[in-house]
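Topology and contacts: notes
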Amino acid sequence: MKLFILLLPILSACSPTLARVKPYERGTLAKPVMAESLDPLQKAMTEHAYFSREASFGGGGVGGGGCGCN
Amino acid sequence: MKSILLALAATILTLQAQEPAKVGQPVPKLAELLPGATLPSTSGKVVLVDFWASWCGPCKESFPALNRLHEKYATKGLVIIGIGVDEEAAKYKAFSGKMGAKFPLAHDSAHQVANFFNPPSMPTSYLVDRKGIIRHIHQGFHQGKTEAEYVKEIEALITAK
């Protein structure tokens, strides 16, 4: 029981609410080096080839960088 | 049992401290949160607190609109304060220099103001009435739509007694 009491605040500190990067702290995530692909043209062409062959559209995630703005 | 309840209460309080600022909440004096910054007097004025960053595209788009609002309403009792949340001072300076803001800007490098307001997205702006109470919150910047909302809300707050 004592162990549970001791562990409770420690476990709660691991909760996603506390671990989440806040919107105003995303400067590093928004850097170009953090982008999924460093070559946007190559990414666009690969995606184009993919959806043409697979007869499907989209599904490649959302656009934009890591700042999550707007 | 008492200890469990105490631990739970402490956890809940910690989580509540992360809550974003809401409409109806009073705002402390920004000068107290940012002791080193030179900020204009806001007592008895309608205040628009806008959070921006150099890495945020929509923030860049919002500057011309905020300049227009400043030119139109500054003499009628509106104070716009742009809070830059960049961690690097050089980026803050370069961006603010490029934007040509006509309203005062402040650098919140330690995120003291941002931690109080806890903006849910970038940019976020808070329209505060003459009594220091948050009346409207704008998340993101959507060009003409957001600007029209600002105009409507600012005019209502300026004329309100």
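Everything in this summary refers to the structure shown in the same document.

Conventions adopted
Residues numbered from 1 in each chain as written. Chains lettered and ligands numbered in written order. Predicted model: local features only at pLDDT ≥ 70, side-chain atom pairs only at ≥ 80, totals over all residues. Axes fitted to C-alpha atoms, helices over the stretch in contact; angles between N-to-C directions. Helix = DSSP H or I, 4+ residues; strand = E, 2+ residues; numbered from the N terminus. Parallel < 35°, antiparallel > 145°, perpendicular 65-115°, else oblique. Left-handed = near helix turned anticlockwise from the far one by under 90°. Contact = placed C-beta atoms within 7 Å. Buried ≥ 20, exposed ≤ 12 C-beta atoms within 10 Å, placed from the backbone. Arc of directions from axis to C-beta. Core = buried A, V, L, I, M, F, W, Y, C linked by C-beta atoms within 7 Å.

Below, the discussion takes up the packing of helix 3 (residues 57–73) of chain B against helix 6 (residues 143–159) of chain B. All names here are of chain B. Here helix 3 crosses helix 6 at 25°, and the two axes come no closer than 11 Å. With respect to helix 6, the axis of helix 3 lies roughly parallel. In the crossing of helix 3 with helix 6, the sense of the turn from one axis to the other is right-handed. Judged by residue contacts, Glu 61, Ala 65, Leu 69 and Tyr 73 of helix 3 engage Gln 143, Glu 147, Tyr 150, Ile 154 and Ile 158 from helix 6.

Every α-helix carries 3.6 residues per turn, so stepping three or four residues along brings you back to the same face. Residue and element names in this part refer to chain B. Among the residues of helix 4 (residues 89–99), those classed as buried are Tyr 92, Phe 95 and Met 99. With its buried residues spanning 75° around the axis, helix 4 presents them on a single face. Residues Ala 89, Ala 90, Gly 97 and Lys 98 are exposed on helix 4 and point more than 90 degrees away from its buried face. The elements touched by buried residues of helix 4 are helix 3, strand 2 (78–84) and strand 3 (105–107). Note on helix 4: the residue one or two positions beyond its end, Gly 100, has a positive phi of about 60°.

Moving on, we get to unusual backbone geometry. Most peptide bonds take the trans configuration, and most residues that are not glycine carry a negative phi. Residues and elements named next belong to chain B. Here the bond from Met 122 into Pro 123 is cis, since omega is -10°, no more than 30 degrees from zero. Within the secondary structure, Pro 123 is located in the loop between helix 5 (112–117) and strand 4 (124–128). Positive phi, normally seen in glycine, also occurs at Asn 118, with a value near 50°. With respect to the helices and strands, Asn 118 occurs in the loop between helix 5 and strand 4. Given 17 C-beta atoms within 10 Å, Asn 118 falls into the partly exposed group. In this model, Gln 143 sits at a positive phi of 40°, which is unusual for a non-glycine residue. Tracing the backbone shows Gln 143 in helix 6.

The subject of this paragraph is the nonpolar core. Grouped together as the largest cluster of nonpolar side chains are 43 residues, with contacts concentrated most on Phe 51, Ala 53, Cys 56, Leu 78, Ile 81 and Met 122 of chain B. No other element matches the six residues that strand 1 (residues 46–52) of chain B contributes to this core. Among all residues touching Phe 51 of chain B, those that are not within four sequence positions of it are Tyr 24 of chain A together with Ile 83, Val 85, Ala 114, Phe 117, Pro 119, Met 122, Pro 123, Thr 124 and Ser 125 of chain B.

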